[in-house]
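Residues per chain, in single letters:
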Amino acid sequence: MADPPGLCSDRIANRFEDISCSAAAPPAPSVGLDLIGLQEDKTLTTDDVPESAPPDGHFLRYKWYRIQSDRKVAICSIHPSEQATLQCLGCVKAKMPVAKSYHCSPKCFSDAWQHHRVLHDRAASAVNENGSEEEEIFGRFNSTGSGVISASLTGSASSTSLTNGSTTPVYPAAVTQRSGGETWFEVGRSKIYTPTTDDIGHVLKFECVVTDAETKLPVGHPSTILTSRVIPVPSPSPRRLIPVGGADMMAQLDSDGRISSSGTFTVLSYNILSDSYASSELYSYCPSWALSWPYRRQNLLREIVGYRADIVCLQEVQSDHFDDFFAPELDKHGYQALYKRKTNEVYSGNIRTIDGCATFFRRDRFSHVKKYEVEFNKAAQSLTEIAVQTTQKKAALNRLVKDNVALIVVLEAKFTNHGADNPGKRQLLCVANTHVNVQEELKDVKIWQVHTLLKGLEKIAASADIPMLVCGDFNSVPGSAPHSLLAMGKIDSLHPDLVVDPLAILRPHSKLTHQLPLVSAYSAFLRGVGLGLEQQRRRMDPTTNEPLFTNCTKDFIGTLDYIFYTADSLTLCWLNSGVCPGLDDDTLRSWRCSRERVREADGYTDELYIVRNGRTCSLL
């Protein structure tokens, strides 16, 4: 039978060669397919063709199946969407958790060996308490992941009323089929299906067929796609606040883990990686499904909300993602949102996908007083008019105009830390959020942008006695000139970064100063006293007073992200521990490895930036 006019069943969903899914507790990521049909003019369309409005008497019928095998299947410990093909017997002998012993290929095992060997050393003397010998070899699949799934048929699989993709049940129970030692449970009949915990470890099959609207019979053969195995959605690492000033942390945490003491607040800074930059070319070592925005955004939201910060500074937030996702979603959690999009003099793409800086604050803790927007492009125009010769103006603008911005917000606290002698004074706080230019060769531009921001903050400080926070991704490693300017208030005239200054915009070097008493929050680990600080010091660089890394990719591991605060008006009480759980100190110092190992240790697949910048400050 020929395809109906306007539809071509052979072309439906042919774009998708691999789909990976993840099951999650609410809010769950929507995992589905954009289906391709042919319109009458032969152009492709991704529009749905529902039964309620069938064009030319035909519509698309969808079905989702969960495929369960009659045999046990081991899952790779490094790539949880892949079936294991080998097991490390050393893990079995060492009585390690069996989930860690499985790998999908010899290369996978070889690449993971450096970290895997450390696990062997740790587990050598441990006593296995998993239970029976079979469980020692195969383990049990649960929410934490044992690495093995069993295909035994459960009652829940056959009795669940299916509502996926619809607000009401579309049919009462799962329909099963058996083929070649596999059982197919029908789990959905909509275009989009959200995996459940029952799907974890199993392959899903999506089926789409053109159907006659009158007879309800299929027209031609169905098109099908198999997903990778559904994996559990990773949980964010637990928040681990460490007191740095003798503060009684537990006494000031409420039942939700938020700081409850009057006069205290928490701050989070996070470069979330814009979707426009999360390409397979840049992050070839990361699976495509882990890079997809529908998957990443839910994990990012879960982590951000989990920190329960009073102030949240995000970088690389796309304009459309701010409007359509972050602002409305964080509003549900009590946050008010402010945003500054990058300028678009250099950027030539869709204006809706330009990223920028977003600052959120809890409405029950702060109110918005004023907002300043810093556009470094405008500052470049002013600088070239004043300080650059006419013949160099075009070259100067080409070098300085990079679309970077900063967002400065003045907030008023709804709590107070003043005594009875000064009850009426407003408690203001200035929060700067920025993302400095990334290009390593433009050292002069980085210095100029940071200096421009600090001079603007100095003007605000001069107009009001106001504590300040300076947060962001400065794309500058500890000890670099921008970092020295922030942390020390000046740059040594012999600093090597100052050599790069083709426009002479940094001269005289004596002008590269500021009077703000800024201190890096991280440095408190090295100068403070308290429980847990000694262990954290081993994870710091003693020469720069900064952590070993806030950014971890295949080609770079180092610190680029900071929170600075004015030490004359703010006192640091607690710091988040700032590192991935499961990593020993020696590994942290020597690691130069692929993102896959970081993913295994951190448990958070989508985090291409390992940033743990939660900070706690106390207003004086």
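Residues numbered from 1 in each chain as written. Predicted model: local features only at pLDDT ≥ 70, side-chain atom pairs only at ≥ 80, totals over all residues. Heavy atoms only, no water.

**Some details on helix α7 (residues 319-331)**
Applied cut-off: Note that bend, as reported per residue, equals the angle between axes fitted to the 7 residues terminating at that residue and the 7 residues originating from it. By the criteria applied, helices consist of DSSP H or I runs no shorter than four residues and strands consist of E runs no shorter than two, each listed in order from the N terminus. Any pair of residues with heavy atoms lying within 4.5 Å of one another is described as a contacting pair.
Its axis deflected by about 30° at Phe325, α7 carries its strongest bend there, up to four residues before the proline Pro328. Next to the buried residues of α7 lie α6 (293-307), β18 (311-318), β19 (335-341) and β20 (355-362).

**Topic: the state of the cysteines**
Which entries qualify depends on this criterion: When two cysteine sulfur atoms are found within 2.5 Å, that pair is recorded as a disulfide. For each residue, the accessible area found with a 1.4 Å probe, counting protein chains only, is set against the maximum for its type, and the residue is called buried under 20%, exposed over 50%, and partly exposed in between.
For the structure shown, the criterion picks out zero disulfides. With no disulfide partner, Cys313 has as its closest neighbouring cysteine sulfur the one in Cys471, 4.0 Å distant. Here Cys471 falls in the buried class, since its relative accessible area comes to 0%.

**Some words on the nonpolar core**
Spelled out, the test is: The set of buried Ala, Val, Leu, Ile, Met, Phe, Trp, Tyr and Cys residues whose side-chain atoms join them within 4.5 Å is what this entry labels a nonpolar core.
Core analysis: the biggest nonpolar cluster contains 41 residues, and Leu457 and Val470 have the highest contact counts within it. Residue assignment for this core shows that the elements contributing at least two residues are α8 (376-387), α9 (393-400), β22 (405-413), β23 (428-435), α10 (443-463), β24 (468-473), α11 (481-488) and β30 (561-566). No other element matches α10, which puts eight residues into this core. Those residues in contact with Val470 that sit more than four places away from it in its chain are Ala432, Leu453, Leu457, Leu486, Leu518, Tyr562, Ile563 and Phe564. Membership of the second largest hydrophobic core comes to 25 residues, among which are Val244, Cys313, Cys357 and Leu407.

**What to know about the confidence of the model for the protein**
This is how the line gets drawn: Along the chain, pLDDT gives the predictor's confidence residue by residue, from 0 to 100.
Taken residue by residue, the protein gives an average pLDDT of 75. The fraction at 70 or more is 69%. The weakest mean pLDDT in the protein belongs to helix α15 (residues 595-602) at 29; the strongest belongs to β19 at 98. Considering only residues more than four positions removed or in separate chains, one finds that residues 1-20, a stretch of pLDDT under 50, has 48 contacts. With pLDDT under 50 throughout, residues 148-163 is counted as low confidence; its partners more than four residues away or in other chains account for 48 contacts.

**Some thoughts on the sheet that holds strand β25 (residues 518-520)**
Which entries qualify depends on this criterion: The criterion for strand pairing is that DSSP finds at least two bridges linking the strands in question. Only C-alpha atoms enter the line fits that serve as axes; for helices the fit covers just the stretch in contact. Angles between N-to-C directions range over 0 to 180 degrees.
The strand order β21-β22-β23-β24-β30-β25 describes an open sheet built from six strands, whose pairing is mixed. The open sheet terminates on both sides in strands that have one partner only, identified here as β21 (366-375) and β25. Pairs of neighbouring strands in the sheet enclose a mean axial angle of 20°, with direction left out of account.

**So, the pattern of salt bridges**
When charged atoms on two side chains of opposite charge get close, those side chains can pair. We apply this condition: Within this document, salt bridges are pairs made up of a side-chain nitrogen of Lys or Arg and a carboxyl oxygen of Asp or Glu, the two lying within 4 Å of each other.
What the rule picks out here adds up to 19 salt bridges. With a shortest N-O distance of 3.8 Å, Glu375 and Lys378 are connected by a salt bridge. Taking the relative accessible area as the measure of exposure, Lys378 reaches 56% and is therefore exposed. Here Arg507 and Asp501 are joined by a salt bridge, their closest N and O atoms 3.5 Å apart. Its relative accessible area of 48% is what places Arg507 among the partly exposed residues. The buried category is assigned to Asp501, whose relative accessible area is 4%. Here the salt bridges share partners, and the residues they tie into one network are Lys340, Lys371, Glu373, Glu375 and Lys378.

**Quick word on the environment of Pro482**
Turning to its location among the elements, Pro482 is positioned in helix α11. Taking relative accessible area as the criterion, Pro482 reaches 3% and is therefore assigned buried. It is 8.5 Å that separates the C-alpha atoms of Pro482 and Trp448, two residues lying 34 residues apart in sequence. Ignoring any residue separated from it by four or fewer positions in sequence, one finds Pro482 in contact with Lys446, Ile447, Val450, Ser476 and Asp497.

**Focus: the side chain of Thr550**
Our working definition: Here a polar contact is taken to be a pair of N or O atoms separated by no more than 3.5 Å, where protein atoms must pair a possible hydrogen donor with a possible acceptor and residues adjacent in sequence count only if both atoms sit in side chains.
The residue Thr550 is located in the loop between β27 (546-547) and β28 (551-552) in this model. At 3.1 Å, the side chain of Thr550 forms a polar contact with the backbone nitrogen of Leu560.

**Re the packing of aromatic side chains**
Heads up, the condition is: The pairing test for Phe, Tyr and Trp rings, Trp by its six-membered ring, is centres within 6.5 Å, and the orientation test on the planes gives stacked under 30 degrees, edge-to-face over 60, and tilted for anything in between. For a ring to carry a charge above it, either NZ of a lysine or CZ of an arginine must fall within 6 Å of the ring centroid while also lying within 35 degrees of the normal to the ring plane.
One pass over the structure, following the stated rule, counts 16 aromatic pairs. Plain terms: the ring middles of Phe366 and Phe415 are 5.5 Å apart, the flat faces sit at 75° to each other, and that makes the pair edge-to-face. Of this pair, Phe366 sits in strand β21 while Phe415 sits in the loop between β22 and β23; the two residues are 49 residues apart in sequence, bridging distant segments of the chain. The exposure class assigned to Phe366 is buried, which follows from its relative accessible area of 1%. The exposure class assigned to Phe415 is buried, which follows from its relative accessible area of 9%. What links up through ring pairs into an aromatic cluster is the set Tyr62, Trp64, Tyr193 and Phe206. The ring of Tyr335 carries the charged tip of Arg362 above its face, separated from the ring centre by 5.3 Å.

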